[in-house]
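What follows is the residue order along each chain.
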Amino acid sequence: MSETVSERMRREWNERALEDPHYYVAFGQREQDEAGFLATAADVLKSLEAELQRFPKHGNRRAWRALEIGCGPGRLMKPLSRNFGEIHGVDVSDEMIRLARERLGQIPHAHVHATHGATLALFADDSFDFVYSYAVFQHIPSRDVVLSYMEETRRVLKPGGIFRGQFNGLTHDKTLDTWSGVIFPAEEIRSWTREHDLQLLSLEGIDTQYMWTTWRKKPLAPAPLAGPPKIRRITNAHSYEPVVPKRERHAALSLWMENLPDDCDLNYLEVLVEGAPASPYYIGWPIDNEVRQVNAWLPAGIRTGLLPVEVKMHGERLCEPGIIRIIPAGPLVPRIISISDGFNLVERNATSSGILKVQIEEVASPQSITATVHGQPVDWLETKCIDPRVPTYEVNLRVPESVPAGIRRLELRFGHWRIPADIEIVLSAP
């Protein structure tokens, strides 16, 4: 009899947990120590804890309950436990759960459970304030399994509860397995949350492998408004200056709005710049004087100058328009932003495997990239886009076997550009 998807996931992730759990969870370095392993979660923790600001400012954190889908060996649960009176984690791998119990043994309010399928059946309806998941759905080879977890998330969230999760928003043609799982484009997340009556509050990193989304299960009654909605000011979403370039990475604006309706949702919110639809991707939590931030990417082909910005909800104008200054975008300036070993990602500006992973940005013609190491042409090079907005590309290449160990010069070439960097060859490629 053939294995079910859940059985296959359990078997293969048990094997990975027995081989090197820190590596397969964080994909950073082989045989990483405890401190290094927990440190790999710093950016993810920052993203997750920021979402807790969506809850009432004076809420009783000891009463909050959280759930992690795909908790692995407890890398995120351990530090996140400080925010909740009770935290639970589920994972399909029995071995990962065993490791999580060891890691969380001194935290009495942290509980982990091995699951056997795609449900959260051991938890009651409306039982969690916060549900989260990171680097899990992108490894599941079944769309039905992921959709089941999404539906179960909606069920177990309390009214007003928050889900923060990461999906793979890239397109790929790889064979689906328990490493390269299904993808969920942004429009599918939009339509699913709309159909399931969830508030879509953020959809960031669209068209990237690490697309983050935040949903809220609608509260029993929306919070009343203190007054009419109003645009207080409009700024660049990245620098908070009062100007926005018309394209590329900084072509996004922030509307700082007073009295935004509590049921505001990216599925029903419209931002129009000189009548052209922008692309809202983030609705923030209330800050000083109940001001909330709404971010949106500019429409393509927008002109420069002082342009009106209008906000609508369910097709109706929310408030008087604001004004933003749109300026020309600067030229693309290609540059290397990181170099690591292709397998041990914490091995920076060096390789011991003979494979290099190079991230570059603002490249206009990635298909023309070639490379040399120590003056010798690279015979295997693979390029993929990891963020089209910037744009950012990942270049994977093999160091020529004849290059000796030591500090050597890597040079990337495309068009008239030559971008050099010094790297260390710890071991020559086999």
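Bear in mind that the values here come from a model prediction, so they are computed numbers and not experimental data.

Draft legend 1. Looking closely at the sheet that holds strand β18 (residues 335-341). Read across the open sheet, the four strands follow the order β18-β20-β24-β23; overall the sheet is antiparallel. The open sheet has two edge strands with one neighbour each: β18 and β23 (381-387). Sheet twist, expressed as the average angle between the axes of neighbouring strands with direction ignored, equals 20°. Where strand β20 (residues 355-361) and strand β24 (residues 392-398) come together, seven bridges link them in antiparallel fashion. Bridged to Val358 within β24 is Val395.

Draft legend 2. Here's a closer look at the side chain of Arg164. Locating Arg164 in the fold gives a position in strand β5 (residues 157-167). What makes Arg164 buried here is its relative accessible area of 5%. Here Ser47 takes part through its side chain, which lies 3.1 Å from a polar atom of the side chain of Arg164. With residues near it in sequence (within four places) discarded, Arg164 still touches Ser47, Leu48, Glu51, Phe130, Val131, Tyr132, Ser133, Ser202, Glu204, Trp212, Thr213 and Thr214.

Draft legend 3. Looking closely at the packing of aromatic side chains. Taken as a whole and judged by the stated rule, the model has 19 aromatic pairs. Judged by centre distance (5.2 Å) and plane angle (35°), the ring pair of Trp192 and Trp215 falls under tilted. One end of the pair, Trp192, is in helix α8 (residues 186-195); the other, Trp215, is in strand β7 (residues 211-217), with 23 residues separating them in the sequence. Note on Trp192: relative accessible area 6%, which makes it buried. Look at Trp215 and you get buried, because its relative accessible area is 1%.

Definitions and cut-offs
- Residues numbered from 1 in each chain as written.
- Predicted model: local features only at pLDDT ≥ 70, side-chain atom pairs only at ≥ 80, totals over all residues.
- Heavy atoms only, no water.
- Pairing = 2+ DSSP bridges.
- Helix = DSSP H or I, 4+ residues; strand = E, 2+ residues; numbered from the N terminus.
- Axes fitted to C-alpha atoms, helices over the stretch in contact; angles between N-to-C directions.
- Buried < 20%, exposed > 50% of the residue type's maximum accessible area, 1.4 Å probe, protein only.
- Polar contact = N/O pair within 3.5 Å; in protein donor to acceptor, adjacent residues only side chain to side chain.
- Contact = heavy atoms within 4.5 Å.
- Phe/Tyr/Trp six-rings, centres within 6.5 Å; stacked < 30°, edge-to-face > 60°.

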